[in-house]
Amino acid sequence: MADVTLWQRIKDDGFRPPAGYPVDELIAELEHMLTYADSRLRDDLAFEILGEWIQLGVCDHDLPGLGDRMAAGLLRGIGEVGTDSVFGRSFSAVVLGLVVERDNAVHRLGPADLSRWIGGFTMWWELEGDLRGAVDAQRGWAHALAHGADAIASLARSRLLGTAQARALLGSIVIRLRTTDGWALLASEDDRLAYATMALLHRGDLSAADLDEVIAPLQTLGRQRLRVDLDPEACAWINSLNWLRALHLQLSLGVQAMPWYAPDNHFDRLIPQREQMLAVVETALREYSSWFADR
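In what follows, the accompanying structure is described. (Residues numbered from 1 in each chain as written. Predicted model: local features only at pLDDT ≥ 70, side-chain atom pairs only at ≥ 80, totals over all residues. Heavy atoms only, no water.)

### Looking at the packing of aromatic side chains
Item 1. Summed over all chains, the structure comprises 6 aromatic pairs.
Item 2. Look at Phe47 and Phe91: their rings are 5.7 Å apart centre to centre, the planes differ by 75 degrees, and that puts the pair in the edge-to-face class. Here the residue Phe47 occupies a position in helix α3 (residues 39-56), and Phe91 occupies one in helix α5 (residues 85-106), the gap between them amounting to 44 residues.
Item 3. Overall, Phe47 belongs to the partly exposed group, its relative accessible area being 24%.
Item 4. Owing to a relative accessible area of 1%, Phe91 belongs among the buried residues under this scheme.
Item 5. Considering the side-chain rings of Phe121 and Trp125, the 5.8 Å spacing of their centres and the 15 degrees angle between planes classify their relative orientation as stacked. Placement of both Phe121 and Trp125 in helix α6 (residues 111-127) is noted, with a separation of 4 residues, approximately one turn of the helix. The pair formed by Phe121 and Trp125 is uniform in burial state, with each residue classed as buried.
Item 6. An aromatic cluster is defined as three or more aromatic residues linked by ring pairs; in this entry it consists of Phe121, Trp124 and Trp125. (Phe/Tyr/Trp six-rings, centres within 6.5 Å; stacked < 30°, edge-to-face > 60°. Helix = DSSP H or I, 4+ residues; strand = E, 2+ residues; numbered from the N terminus. Buried < 20%, exposed > 50% of the residue type's maximum accessible area, 1.4 Å probe, protein only.)

Below you can see the structure in the form of structure tokens.
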């Protein structure tokens, strides 16, 4: 069982690692606490402390190893739905993203590390069957889809990510939306997914044609007329519509970087072919409703 007093003291002391404790042993305990079903231990202590330590450089000496362990955590219990194993998978995803973000500042990773992690991440992302948001008052948020979206945003900003990998991640977002049957996403997952998409588009190496290609299956889905109260596959229809709406809004209004990201995170760049991309999203949206006015 975690020493709550110790971890709370570390948090209250500005997240400074305590003297007299081997830092690797502390990091290992934090990693284990990410799997806990108690939201205070997992979210308020383990995730906050480990996240701060990654950003402060406490984990720099073993950044590739930490990423490998998080990638492995993505697949523990995969296939289970409704169990507490989802917390470990979900929080492994968001911590993996923080590791990738940190590398932009310290350059401790290589292309092979990122490729390996993307492979494991994509497998988890497309297979995860437990898409609960908030579970209950004690367990708190599982939020696998939102945490996965955050990880994609981090991967999009990696100095090591290639164009083909970025294109594949964009396609994986659409695959995930199409496989949400039975799960109505009601906790702003559509906004988080749109923000991850914007991170990929802000790179500047994806075109309107790339976006059109990956969105095409959603146009086919939009043409289906489903009964929300009767058809379980209607959830994927609604989730896809909400993502398209969120993406259209973010493309129209623009987004800014979260404050903890490095300043060279691409968000100060204009998106090439932004107007053409808006047109692609608008075309898809029109398939979902006859209420939109014709141009």
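On we go from here.
### Some details on a nonpolar patch on the surface
Item 1. A cluster of nonpolar side chains, namely Leu75, Ile78, Met123 and Leu127, defines an oily patch on the protein surface of about 330 Å² accessible area.
Item 2. Among the secondary structure elements, Leu127 is positioned in helix α6.
Item 3. With a relative accessible area of 54%, Leu127 lands in the exposed category. (Patch = residues over 30% accessible without salt bridge, like charges linked within 9 Å, V, L, I, M, F, W, Y side chains within 5 Å. Areas by Shrake-Rupley, 256 points an atom, 1.4 Å probe, with all protein chains shown as cover. Salt bridge = Lys/Arg side-chain N within 4 Å of Asp/Glu carboxyl O.)

### Considering the packing of helix α10 (residues 208-222) against helix α12 (residues 274-286)
The geometry of a pair of packed helices is captured by two quantities: the angle between their axes and the separation between those axes.
Item 1. The interhelical angle for the contact between α10 and α12, taken along N-to-C directions, is 5 degrees, at an axis separation of 10 Å. Overall, the two elements α10 and α12 adopt an arrangement that is roughly parallel. Packed against α10, whose contacting residues are Ala208, Leu211, Asp212, Ile215 and Gln219, the element α12 presents Gln276, Met277, Val280, Val281, Thr283 and Ala284 at the interface. (Axes fitted to C-alpha atoms, helices over the stretch in contact; angles between N-to-C directions. Parallel < 35°, antiparallel > 145°, perpendicular 65-115°, else oblique. Contact = heavy atoms within 4.5 Å.)

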